[in-house]
Amino acid sequence: MKVLRYLEENLEEILMVLLLIAMAVIMGMQVISRYLLGVSLSWSEEITRYLFIWSAFLSVSLCTRKCISIKIDQFIKMFPKRGEAMFKVVNLTISILFFGVLIPYAYRYLVATIESGQLSPACGIPMYYVQAAPFFCFILTGIRLIQRWFINMEIVLKKDVDFPEEGTLADEISDTVKEKGK
């Protein structure tokens, strides 16, 4: 159970750190190979680009989980906690619907790539490894949005629930599970 909780709290960060390390190592190998050995690696830029694509899509889920986004919330902060949570429920509902529309398109795109049998030019890896990023990450983002929706809806429905601070989704979920388990 602790492993699942750790993954729930840190999945995106773990994956993004691993991707960043891989990108740094590959590009470091490219620099060493080019300037010290005089030989350029044909595959390094392509693999780094694909790792970057995955990290970009994972960042959407990470920002959703941590409630990090570009927003102007001065108007919303004028309302009491329940009113603020209601605005967030409406915003999250729209976001869930948006990702509900994106996921089928990402799936169709992935299936089309699988059926095409397209391979990357330098490495010859199947392109569906890269095209799986939007589908996987949109699903993960949808899950994070639903988690936040339930937390905010609970605040709307109950007056005595504390408002979760931004970035404490995992703690809020854990406390809710503990309370319901008693």
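Structure shown above.
Residues numbered from 1 in each chain as written. Predicted model: local features only at pLDDT ≥ 70, side-chain atom pairs only at ≥ 80, totals over all residues. Heavy atoms only, no water.

Engineer: Talk me through the overall build of the chain; I want residue IDs and the actual numbers.
Structural biologist: Each helix and strand in the chain was counted, giving 6 helices and 0 strands. Counted from the first residue to the last, the chain has its helices and strands arranged as α-α-α-α-α-α. Considering only contacts within the chain whose residues lie at least 6 apart along the sequence, 70% involve residues at least 24 apart. (Helix = DSSP H or I, 4+ residues; strand = E, 2+ residues; numbered from the N terminus. Contact = heavy atoms within 4.5 Å.)

Engineer: Tell me about the packing of aromatic side chains, residues and numbers included.
Structural biologist: Applying the stated criterion to the full structure yields 8 aromatic pairs. Centre to centre, the rings of Phe-79 and Phe-87 are 5.0 Å apart; their planes meet at 50°, and the pair counts as tilted. A residue is classified by how much of its surface remains accessible, and Phe-79, at 33% relative accessible area, is partly exposed. Accessibility expressed as a relative area gives 33% for Phe-87, which makes it partly exposed. Consider the rings of Trp-149 and Phe-150, whose centres lie 5.2 Å apart with planes at 90°: the pair is edge-to-face. With a relative accessible area of 53%, Phe-150 lands in the exposed category. Here the aromatic residues Phe-57, Phe-98, Phe-99 and Phe-138 are joined through ring pairs into a cluster of three or more. (Phe/Tyr/Trp six-rings, centres within 6.5 Å; stacked < 30°, edge-to-face > 60°. Buried < 20%, exposed > 50% of the residue type's maximum accessible area, 1.4 Å probe, protein only.)

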